[in-house]
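Commentary on secondary and tertiary structure
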Amino acid sequence: MDKLVTGIHHITALAGNAQPNIDFYGGILGLRLVKKTVNFDAPEVYHFYYGNEIGQPGTILTFFPYQGLTGGRHGKGMLNTTSLSLPSSSLGYWEERLKKYDINYKGPSDRFEETYIYLEDHDGLGLELVFTDRDDRPGFTYGHIPAEHSIKGFYGAELWVEGYERSAALLTEQMDHVKIGEKGNRFRYAATDKPGNYIDLVCSPDALKGLGGAGTVHHIAFSTPDAQSQLDVRVKISQRMLNPTPVLDRNYFTSIYFREPGGVLFEVATAGPGFMIDEKKEELGTALKLPEQYEPYRGDIEKAVVPITLNFDKYK
């Protein structure tokens, strides 16, 4: 039977000022800005989508940058580390690149036969660069990072929970995940056993509860093939008494949201229609795109959002 949930779709985080976010993710990390739009629930705030060349599910890291937002706190009940996938041969390149831009990092370290380094962005968002030969996805082939060293998309995500059992049951019983492995207090699951889809549940009963703010993840979205599979997932989530939202239109996909037992906000998003419904591939991320309901207010919105520049020449 075809899976209703196929893996990670996107991860959305909260940020502070917009320009440093653009400079770090588009400049230093070399991700492609595939969509520049606004928070559909707060249109005076940007919504940046970074990913591969066309923003395929499994590569999309997004941000709501609130100017002057107070920093949050990592802790249980949160997704605290987002892992990005790179070729094994790129470890040296990325160590030198992070040093060049004075980005502190820890590692390299090994886990589950993978090598990774840990770092945080300017807001304190936890990130890992994972180096593996198991990822056959292409990276951004014509950005300012050499194609052989470009980020391919997600590797996985790390959630801190009080106890893993109820979160694991949701993943395995309602969301088509299977257990991949465990080590110490870390339990790994995936809907598809390949880079881009790993969910690590880390039991952290003694950790403080996480607090939202700049440098924290707002939610993680899982991918489902289409509108019908999304409705089928919604029924399964409802049967677990987790009270999913109605289906919401996000222009580039539709979404349902619910909070998993450990406290992390989950979303299930459709794989399509994708980011090229309103921009050509070569133009992705260059114009401010608004949903239809906000077009009459474009002038006010453009005045409300902070001007940004997309000049990455200094990061070559």
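Since the structure is predicted, the reported quantities are computational estimates derived from the model, not experimental observations. (Residues numbered from 1 in each chain as written. Predicted model: local features only at pLDDT ≥ 70, side-chain atom pairs only at ≥ 80, totals over all residues. Heavy atoms only, no water.)

**With respect to the packing of aromatic side chains**
A full pass over the atoms with the stated rule returns 17 aromatic pairs. Grouping aromatic residues by their ring pairs yields a cluster made of F24, Y25, Y46, F48, Y50 and F63. It is R188 that lies over the ring of Y198; its NZ or CZ is 5.0 Å from the centre. (Phe/Tyr/Trp six-rings, centres within 6.5 Å; stacked < 30°, edge-to-face > 60°. Lys NZ or Arg CZ within 6 Å of the ring centre and 35° of its normal.)

**Structural notes on the pattern of salt bridges**
The final tally for this structure, using the stated rule, is 19 salt bridges. Ionic pairing is found between E53 and K281, a salt bridge with its closest N-O pair at 3.2 Å. Within this pair, whereas E53 is found in the loop between β3 (42–51) and β4 (60–65), its partner K281 is found in the loop between β16 (265–270) and α5 (298–304), the two being separated by 228 residues in sequence. Classification of E53 by relative accessible area gives buried; the value is 12%. With relative accessibility at 35%, the residue K281 sits in the partly exposed group. The partner of E182 in a salt bridge is K179, with the nearest N and O atoms 2.4 Å apart. Each of the salt bridges in this network shares a partner with another, and the network as a whole consists of R111, E114, E128, E158, R186, R188 and D200. (Salt bridge = Lys/Arg side-chain N within 4 Å of Asp/Glu carboxyl O. Helix = DSSP H or I, 4+ residues; strand = E, 2+ residues; numbered from the N terminus. Buried < 20%, exposed > 50% of the residue type's maximum accessible area, 1.4 Å probe, protein only.)

**Focus on the sheet that holds β4**
What the eight strands build is an open sheet, ordered β2-β3-β4-β1-β13-β16-β15-β14; its pairing is mixed. Bordering the open sheet on either side are β2 (32–39) and β14 (248–249), each of which pairs with just one other strand. Here β14 runs beside strand β15 (residues 254–259); their pairing, made up of two bridges, is antiparallel. Its bridge partner lying in β15, L248 is registered against S255. (Pairing = 2+ DSSP bridges.)

**Regarding the sheet that holds strand β11 (residues 186–190)**
With respect to topology, eight strands assemble into an open sheet ordered β6-β7-β8-β5-β9-β12-β11-β10, the strand pairing being mixed. Here the strands that pair on one side only, and so sit at the sheet edges, are β6 (105–111) and β10 (178–183). Across the sheet, the mean angle from the axis of one strand to that of its neighbour is 25 degrees, orientation sign disregarded. With six bridges connecting them, strand β9 (residues 153–161) and strand β12 (residues 198–203) associate as parallel partners. Bridged to W160 within β12 is V202. Together, β5 (78–87), β6, β7 (114–120) and β8 (126–132) form the strand contacts of helix α2 (residues 91–100), whose direction differs from that of β6 by roughly 160 degrees. (Axes fitted to C-alpha atoms, helices over the stretch in contact; angles between N-to-C directions. Contact = heavy atoms within 4.5 Å.)

**Looking at the pairing of β11**
For β11, the buried fraction is high: five of the five residues fall into the buried class. By the alternation rule, side chains of β11 split into R186, R188 and A190 and F187 and Y189, which are all buried. Relative to β12, β11 runs antiparallel, the two sharing four bridges. Its bridge partner lying in β12, R188 is registered against D200.

**Section: α2**
Buried residues of α2: L91, W94, E95, R97 and L98, and no others. Along α2, the residues classed as buried sweep out an arc of 165 degrees about the axis, all on the same side. Those residues of α2 that are exposed and aimed more than 90 degrees away from the buried face are E96 and K100. At the exit of α2 stands D102, carrying a positive phi of roughly 55 degrees. (Arc of directions from axis to C-beta.)

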